[in-house]
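Fold and contact review
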Amino acid sequence: MAAENKFIPYSCQNIDNADIKAVLQALRGEYITQGPLINKFEDKICDSVNSKYSIVVNSATSALHLACLALQLKKNDLLWTSPISFVSSANCGRYCGADIDFVDIDPTTGLMSIQELSKKLREAEKKSRLPRILIPVHLCGTSCDMKEISKICSDYNVSIIEDASHAIGGKYLENNVGSCEYSDFCVFSFHPVKIITTGEGGALTTNNYNLFE
């Protein structure tokens, strides 16, 4: 008899009775898609990651797109991101008409390579074709080296959006991922395969009031 094939799932969400009860309370309330629960959720995100502002949206894809719009990314601008990510990390720039390029990863971590970023920025400056936005991607809960990335990008006036879809609850140095100490925005996903889920959903955090507005 052939051995039974065992299916290994990509991820398993954990929905308990308290979650179900909370959803039923929302469905029976005055608001379903907006209202006080949204404000409460945004406040809790800020408290959790130690950011000044948070906005929740329908997906991390929308959050990345909004961050690009707030940073005024436009047609023929250039956005760089990691080649190891979901397509949204690049598509958010395409939605704005920008061109996309990729910074190679460190093969030992899967995260954006500091050395490759420095090299690529030097070469781009010589060609007068620097990116407007860089989107480093935190992989499997592990943060990129944001302090070094921020230091390098500041020399070239490049804005930073952290794609932390995999990393809510994570730490970088002494900070919570999402605190935006080294970035303009940080984005989270609440898709069922991520750390926490709202069924679908996403959020962005920032410490810049003008960008928040």
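Provided above is the structure to which this section pertains.
Residues numbered from 1 in each chain as written. Predicted model: local features only at pLDDT ≥ 70, side-chain atom pairs only at ≥ 80, totals over all residues. Heavy atoms only, no water.

1. Details of the overall build of the chain
Looking only at helices and strands, one finds seven helices and nine strands in the chain. A total of 213 residues make up the chain; the buried ones form 41% of that total. Here the chain displays about 12600 Å² of accessible surface, and carbon together with sulfur accounts for 51% of that area. Counting 20 positive and 25 negative side-chain charges, the chain places the centres of these two groups 3 Å from one another. (Helix = DSSP H or I, 4+ residues; strand = E, 2+ residues; numbered from the N terminus. Buried < 20%, exposed > 50% of the residue type's maximum accessible area, 1.4 Å probe, protein only. Areas by Shrake-Rupley, 256 points an atom, 1.4 Å probe, with all protein chains shown as cover. Lys, Arg positive; Asp, Glu negative; His and termini not counted. Charge placed at Lys NZ, Arg CZ, Asp CG, Glu CD.)

2. A word on the sheet that holds strand 9 (residues 202-206)
The strand order across the open sheet built from seven strands is 1-9-8-5-4-2-3, with neighbouring strands paired in mixed fashion. Both outer strands of the open sheet, strand 1 (53-57) and strand 3 (99-102), are each paired with one neighbouring strand and no more. Across the sheet, the mean angle separating the axes of adjacent strands is 20° when strand polarity is ignored. Sheet topology places strand 4 (residues 133-135) next to strand 5 (residues 159-163); two bridges connect them, and they run parallel. Residue pairing for strand 5: Ile133 is matched across the bridge by Ser159. Strands in contact with helix 5 (residues 114-126) are strand 2 (78-81), strand 3 and strand 4; relative to strand 2, the strand with the most contacts, it is inclined by about 165°. Lying over the sheet, helix 6 (residues 146-154) contacts strand 4 and strand 5, oriented at roughly 155° with respect to strand 5. (Pairing = 2+ DSSP bridges. Axes fitted to C-alpha atoms, helices over the stretch in contact; angles between N-to-C directions. Contact = heavy atoms within 4.5 Å.)

3. Here we look at the packing of aromatic side chains
If you walk through the whole model with that rule in mind, you get five aromatic pairs. Ring geometry for Phe41 against Phe190: centres 5.3 Å apart, planes inclined by 45°, an arrangement best described as tilted. On the criterion of sequence distance, the pair formed by Phe41 in helix 2 (residues 36-49) and Phe190 in the loop between strand 8 (185-189) and strand 9 is long-range, its members being 149 residues apart. Counting every residue linked through ring pairs, the aromatic cluster contains Tyr53, Tyr209 and Phe212. The lysine or arginine in question, Lys120, covers the ring of Trp80, its NZ or CZ lying 5.1 Å from the ring centre. (Phe/Tyr/Trp six-rings, centres within 6.5 Å; stacked < 30°, edge-to-face > 60°. Lys NZ or Arg CZ within 6 Å of the ring centre and 35° of its normal.)

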